[in-house]
Amino acid sequence: MSTLPTTLISDAMPPEPSTPSLFDELKRTLRSVPILTAVLALLLIVIVALIAQWLGTSDPIAINPGNRLKSASIDHWMGTDAFGRDIYSRVLYGARVSLIAGLGAAAVSISVGLVIGVLAGYFRGFDAIIMRVMDGLMAIPGILLAIALVSLSGASLFTVLIAITIPEIPRVVRLVRSVILSVRNEPYVEAAISLGTPVPVILWRHLVPNTVAPLIVQGTYIFASAIITEAILSFLGVGLPAEIPSWGNIMAEGRMYFQMRPGLILYPGILLSLTVLSVNVLGDAMRDALDPRMARKL
Amino acid sequence: MLSFIARRLFATLPIMAVVAMVVFAILRMTPGDPAAIIAGDTATAEQLELIRQSMGLDQPIYMQFLIWVQQLLQGDLGVSLLSGVPVAEMVAHRMGPSLALTAATIVLSVVIAIPLGVVAAWQQGKLLDRGVMALSVLGFSLPVFVTGYLLILVFAIEMKWFPVQGYKSLSAGWWEFAKSLVLPTLALSTIYIALIARITRTSIIEVMGEDFIRTARAKGLKERMVLLRHALRNAAVPIITIIGVGIGLLIGGVVVTESVFNFPGLGRLVVEAVLARDYPVIQGLILLFSFIYIVINLVVDVMYTVFDPRIRY
Amino acid sequence: MFSWSKKSFVRRASTAAASLSFALLCGSPATAQTITAVMESGLRVLDPIVTTAYMSRNHGYMIYDTLLATDSDYKVQPQMVDNWQVSDDGKTYTFSLREGLRWHDGAPVTSEDCIASISRWAEQDKMGQMLMTLVASMKATTDKSFEIVLNEPTDLVLKALAKPSGTAPFMMPKRIASTPSTQPIKEHIGSGPFKFVADQFQPGLKVVYEKNEDYQPRAEPASGTAGGKVVHVERVEWVTMPDQMTTVNAFLSNEIDYIQQVPYDLLPMFEGNTDVKIEVLDKLGGQPLYRLNHLHPPFNNKTLRQAAMYAVRAEDVLQALVGNPEYYQVCPSLFGCGTPYESSAGAEMIVSSDLDKAKQLLKEGQYDGTPVVILHPTDALTLAAHPVVIAQALRKAGFNVDLQSMDWQTVVTRRASQQPASEGGWSIFSTTAVVADLLDPVRAFTASANGKQAWFGWPDVPAIEELRNKIARTTDPDELKKLAEEVQGLVIEEGVTIPLGQLYIPTAYHANLTGVLEAPVPLFWNIKKAGK
């Protein structure tokens, strides 16, 4: 109820240190060289995946058994595989499939896992039953689920994606729940509750932000793991259908020729590592920027 | 605490029951016919039907389930449809290698990864941090079979330090046992180390931003004490979670490692049994796995309370 | 029903504890002279009669013996039988067993055992079934001899009992042979040169055999599956290795002695290695083939079947499967290449690819775009190549192809379904058969065309069945050849089976093994191992 003109008051107060906006944070982050490299690398891979047909590729599923397992040449920049298909084309088209698999699995499992994990962590009543269900879910071997899904609905990108995503959900749930459990009893949460803050607001504004950092890390891990799980499913013989190339199934098909034509594993392998590395560097950077509790050493 | 543990253990039975039912249902719904594997490629439809009858596979699903449950309650896990060997015996035989491999991997990974993560957190932003993180990312960006082949190529074929494949049990001597474990453990650990190191680093960095750390430093504690005594303890919860979760992952990664290194373990057994639709073996294994997961999760939850007194059940 | 007493609990708990320690200590180091072999796949079913699986047949040759056998010149030779007499009217065969034949548990082999074994075998095996339609009675005349009385004269008796593969007639004790032929046997006692070590058997991992010291081998040298089966080592272990790369590496590091089927693409790894011998032991090899589903569209239409056949180029499949031309042969014969009944009737449809003719036939057959569902097994490495090649060939011809990938078990289930492709059936499936099972039109299950009784695809061509029956009753060699040629012609024209050539399987073993036999089945007698 002051009657002093506000301008005078604000003149009298020392200037507040300005909290940097999100935009400034991101700009700052991008200035670091490794992070910039990672962003560029990822962008490059995504672009390559999108415009694969204009980059000198041929039909990735066209077989030519007379020309199998040749090493790199003018016609085939990365050589040919066991069916005589052009590896360069398959690797580029495969980028699409692998990126979609990784992204899809990460996005879905994190979203679903977050919701369930928050419920489990916050509401005691749900906790017991949700966690027991998650325990049960984890006990079902991924391979069984994969085979069952693939045989019941046919091998396709969608089915394999579901097969990869479902086993990841309990892990996300456990992680989210553990964070919520730790934070639930913090004073500021208690304060919010006693102030009568509606539950969804408490969840969203106070609890969920604590999960962001570990979830970003977990998400990057799931991204990589999904691409690799797809390779493992192909290794076991229950992955994507033969005609859809992905980095995983190129490596799985090529593993037998490793000591003679290492290219079959190395080319997709290098791209895979690059992608995963970039995603991780970016993930770390985003987490550093977004998390209010990150210590800044000046 | 004790009542908590007791309650959780009691809850085990209904969960396992539900898992058993769900898996049973999935199995019977999935197309596949163990009779066909037994009969071989050139059998006729009639021969298949007769074999199915002799195995009890022509009965309605709920009937088969009840028969199985009845056997279970008498402590009988059944016999393999294909080989006639009791499931319990098959599992007992193949548990050793998987146990050895999993235990060795967990120990090696934790011992290497946690210090790595602590060092990286301490040197946050500097070269060591970036280097450690980059290396660990490499660890889980290659599928296990690729890492496995590389290890075999370098250490078994070129250097001849270790055998290419195979599991030697303890009865063949400690040294042989250990040698047969080294390469597969290394292959599997690369993934696990990466995961634990990263989460350790992240958690510690977060904790280091807390007020109590500032206080500890203000008190004049050496940085190392701050890290180990205060930060690590508080960062423990997500780390332990990941270790527990990772065990689940391991059981999955073990499948490929066992194939590449020819380990006669449970991972391979699961894959072979599923691909052959050897129902009793699969069902027996599921029961075993669900029990193991439940116990591990229980242990992890109990460990939370040890490290973080804020957590109460 | 509920037996949850304290005693049983304690027993179970201590069993569990013992199992745990046992688990860690499991496995015994071999100190006897042992051959360690990695075979084509794991041994799953121990009963070689109930199943047609080849590994079970291989296991059969280790621990069982047969009455007659086929030598490397395809001639019938006595094995457990000392000699046989044929009556003047050709209808009664009298067999006498050799002296000193014993089962592994010590009991002597009697003719009652043999008759029971023949009956059990004949229930499952196609050739046996055909034989039984000609048999009036089988009777044991003494402990060591028995007679088979026929309805009409035929030497099918000899050919059937000497059959080397695809369910060979192994002899078992009567009590075991009395098990119904659709139930796997539980005891594994034979009279063969090896004994099965049951307590060291780990299904899917390892099978152990030890030398049968009481076995009485014949005096003649070994030839094919006939002759003297002399064992020179103490143990043979079959190990299953799931990874082919690891198998080859383990072999090169001397961790195993013998690889039955070397992956073709890995052969260069053995080049120049004087310690390794690579040989094709089975001169007959395998026949890649595919079958069309005659029950439903599009292949219930003969013209469309022929369109498909014109589109596929046999050598493409062989190259995708094998790669190295040294190990395959392009020949369109249903009954094997280099075999007595080899024929090339219908070759123009199979060998080369004539896309124009295929497209023309597609129009003629009024193809309406019905999807061709091809079953593609992804977990069986040796079977995964044909469908991919066939799919591309058909697409080029203008078919609408749906290549469906699934695991082998699912393939096997779908394959048995007689529903239309859209309801869980199929249009094309492919596999590789063993040529030793296909040597003549009666033996070859790929040639049978009796509708729903035939092999998957259920072709119905009465003319073929008539010919096969005629062949079973003919003995004149020239007449037989002519009839076989007719069968081949009809089979190809009607698209009953499409044979794609022949592939040969290289076996690798270390140079310290000598005496490895050439035969249609992997055999472990006669092999000597120098050193340990």
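Thoughts on the interface of chain A and chain C
Stage number 1. Chain A puts 26 residues into the contact, and the matching count from chain C is 27 residues.
Stage number 2. Summed over both sides, the interface of chain A with chain C buries roughly 2100 Å², with 58% coming from carbon and sulfur.
Stage number 3. Applying the counting rule to chain A against chain C returns three salt bridges.
Stage number 4. The partner of Arg-68 of chain A in a salt bridge is Asp-265 of chain C, and the shortest N-O contact between them spans 3.0 Å.
Stage number 5. Linking chain A with chain C are six residue pairs in polar contact (both at pLDDT 80 or more), by the criterion used here.
Stage number 6. Where the side of chain A that touches chain C is concerned, the elements lending two or more residues are helix 6 (142-153) and helix 9 (199-236) of chain A.
Stage number 7. By residue number, the principal contributor to the side of chain A that touches chain C is helix 6 of chain A, which donates three residues.
Stage number 8. The residue makeup of the side of chain A that touches chain C, split by class, is 18 nonpolar, four polar and four charged.

Things to note about the nonpolar core
Stage number 1. Of all hydrophobic cores here, the largest spans 341 residues; its most connected members are Leu-67, Phe-399 and Phe-524 of chain C.
Stage number 2. Broken down by element, the residue count for this core peaks at 18 residues, all from helix 9 of chain A.
Stage number 3. Those residues within four positions of Phe-399 of chain C in sequence are excluded, and the remaining contacts are Phe-299, Leu-304, Ala-307, Ala-308, Leu-362, Tyr-367, Val-372 and Leu-394 of chain C.

Focus: the side chain of Arg-218 of chain C
Residue and element names in this part refer to chain C.
Stage number 1. Summarising the element assignment, Arg-218 is placed in the loop between strand 9 (206-211) and strand 10 (235-239).
Stage number 2. In this structure the side chain of Arg-218 is engaged in a polar contact, spanning 2.9 Å, whose partner is the backbone oxygen of Gln-79.
Stage number 3. A distance of 3.2 Å separates a polar side-chain atom of Arg-218 from the backbone oxygen of Val-81.
Stage number 4. In this structure Arg-218 touches Pro-78, Gln-79, Val-81, Arg-98, Gly-227, Gly-228 and Lys-229, once residues within four positions along its chain are discounted.

Some details on the state of the cysteines
A covalent bond bridging the sulfur atoms of two cysteines is what the word disulfide describes.
Residues and elements named next belong to chain C.
Stage number 1. Per the stated rule, a full pass over the model turns up one disulfide over all chains.
Stage number 2. Here Cys-331 is linked by a disulfide to Cys-337, with a sulfur-sulfur distance of 1.7 Å. The chirality of the disulfide connecting Cys-331 with Cys-337 is left-handed, given an S-S dihedral of about -80°. Each member of the pair Cys-331 and Cys-337 is classed as buried.

A closer look at a negative patch on the surface
Residues and elements named next belong to chain C.
Stage number 1. A cluster of acidic residues, Asp-199, Glu-210, Glu-213, Asp-214 and Glu-234, forms a negative patch on the protein surface.
Stage number 2. Turning to its location among the elements, Asp-214 is positioned in the loop between strand 9 and strand 10.
Stage number 3. With a relative accessible area of 54%, Asp-214 lands in the exposed category.

A closer look at the sheet that holds strand 5 (residues 92-97) of chain C
Strand pairing within a sheet occurs via backbone hydrogen bonds; the two strands may be parallel or antiparallel.
All names here are of chain C.
Stage number 1. Pairing in this open sheet of four strands is antiparallel, and the strands run 4-5-7-6 from one edge to the other. The sheet is open, and its two borders are formed by strand 4 (81-86) and strand 6 (135-140), each paired with just one other strand. Between one strand and the next, the sheet's axes are offset by a mean angle of 15°, whatever the strand orientation.
Stage number 2. One ladder, built from five bridges, connects strand 5 with strand 7 (residues 145-150); its direction is antiparallel. When the bridges of strand 7 are listed, Ser-96 appears paired with Ser-145.
Stage number 3. Its contacts with the sheet put helix 4 (residues 126-134) on strand 6 and strand 7, and the angle it makes with strand 6 is roughly 95°.

Section: the confidence of the model for chain C
Do not read the predicted coordinates in detail wherever pLDDT is low.
Residue and element names in this part refer to chain C.
Stage number 1. For chain C, per-residue confidence averages 87 on the pLDDT scale, and residues scoring 70 or more make up 94% of the total.
Stage number 2. Of all secondary-structure elements in chain C, the lowest mean pLDDT belongs to helix 1 (residues 6-25), at 49, while strand 8 (residues 194-196) reaches the highest, 96.
Stage number 3. Taken as a whole, residues 18-23 scores under 50 in pLDDT and shows eight contacts with residues more than four places along the chain or in a different chain.
Stage number 4. Among the scores for the predicted complex, ipTM is 0.77 and pTM is 0.81.

Focus: the side chain of Thr-102 of chain B
Residues and elements named next belong to chain B.
Stage number 1. Looking at the element boundaries, Thr-102 is found in helix 5 (residues 87-122).
Stage number 2. A polar contact is formed between the side chain of Thr-102 and the backbone oxygen of Ser-98, at a distance of 2.6 Å.
Stage number 3. Setting aside its immediate chain neighbours within four residues, Thr-102 contacts Leu-250 and Val-254.

So, the domain arrangement of chain C
Interface size is commonly expressed as the accessible surface area that is lost when the partners come together.
Residues and elements named next belong to chain C.
Stage number 1. Each domain of chain C was delimited in the assignment, giving domain 1 (4-62 + 191-282 + 505-529), domain 2 (64-177) and domain 3 (286-503).
Stage number 2. When each unit is reduced to the centre of its C-alpha atoms, the spacing between domain 2 and domain 3 is 34 Å.
Stage number 3. Tallying the contact residues gives eleven residues for domain 2 and eleven residues for domain 3.
Stage number 4. Together domain 2 and domain 3 conceal approximately 1100 Å² of surface at their shared face, both sides included; 62% is due to carbon and sulfur atoms.

A short note on helix 11 (residues 266-276) of chain B
Stage number 1. By the criterion of burial, helix 11 of chain B is predominantly enclosed, with ten of the eleven residues buried.
Stage number 2. Just downstream of helix 11 of chain B lies Arg-277 of chain B, where phi reads positive at about 55°.

Criteria and cut-off values
- Just so you know, the residues in each chain are numbered from 1, in the order the chain's sequence is written.
- Here every chain gets a letter starting at A, and every ligand a number starting at 1, in the order they are written.
- Thresholds applied to this predicted model are a pLDDT of at least 70 for local features of residues and 80 or more for the giving and counting of side-chain atom pairs; totals over whole chains, interfaces and linings are not thresholded and use all residues.
- The side-chain values count all of the structure's non-hydrogen atoms but skip hydrogen atoms and water molecules.
- Contacts are assigned to residue pairs with any non-hydrogen atoms lying within 4.5 Å of each other.
- What counts as buried area is the accessible surface, traced by a 1.4 Å probe, that two parts surrender upon association, with contributions from both included.
- Salt bridges, as used here, are contacts in which a Lys or Arg side-chain nitrogen is within 4 Å of a carboxyl oxygen on Asp or Glu.
- Pairs of N or O atoms within 3.5 Å make up the polar contacts considered here, provided that, within protein, one atom can donate a hydrogen while the other can accept it, and that residues adjacent in sequence are counted only when both atoms are side-chain atoms.
- Every helix listed is a DSSP run of H or I at least four residues long, and every strand listed is a run of E at least two residues long, numbered separately from the N terminus.
- Each residue is assigned to one class: nonpolar for Ala, Val, Leu, Ile, Met, Phe, Trp, Tyr, Cys and Pro, charged for Asp, Glu, Lys and Arg, and polar for all the others, Gly among them.
- In these notes, a set of buried Ala, Val, Leu, Ile, Met, Phe, Trp, Tyr and Cys residues joined through side-chain atoms within 4.5 Å is what counts as a nonpolar core.
- Burial status follows relative accessibility: with a 1.4 Å probe on protein chains alone, a residue under 20% of its type maximum counts as buried, one over 50% as exposed, and anything between as partly exposed.
- Two cysteine sulfurs form a disulfide in these notes if their separation is within 2.5 Å.
- Patches draw on residues past 30% relative accessible area with no salt bridge. Two like charges within 9 Å are joined, as are two nonpolar side chains (Val, Leu, Ile, Met, Phe, Trp, Tyr) within 5 Å.
- A 1.4 Å probe and the Shrake-Rupley method give the accessible areas. Residues count as covered only by the protein chains that appear here.
- Only four residue types enter the tally: Lys and Arg on the positive side, Asp and Glu on the negative side; His and the chain ends are excluded.
- Where a charge lies is defined by one atom per residue type: Lys uses NZ, Arg uses CZ, Asp uses CG and Glu uses CD.
- The pairing criterion for strands is at least two bridges between them, as found by DSSP.
- Axis lines are fitted through C-alpha atoms, for helices just across the contact stretch, and the angle between N-to-C directions can take any value from 0 to 180 degrees.
- As a per-residue measure, pLDDT tells how confident the predictor is, with possible values from 0 to 100.
- Each domain's extent is set by a domain assignment, obtained either automatically or from a database.

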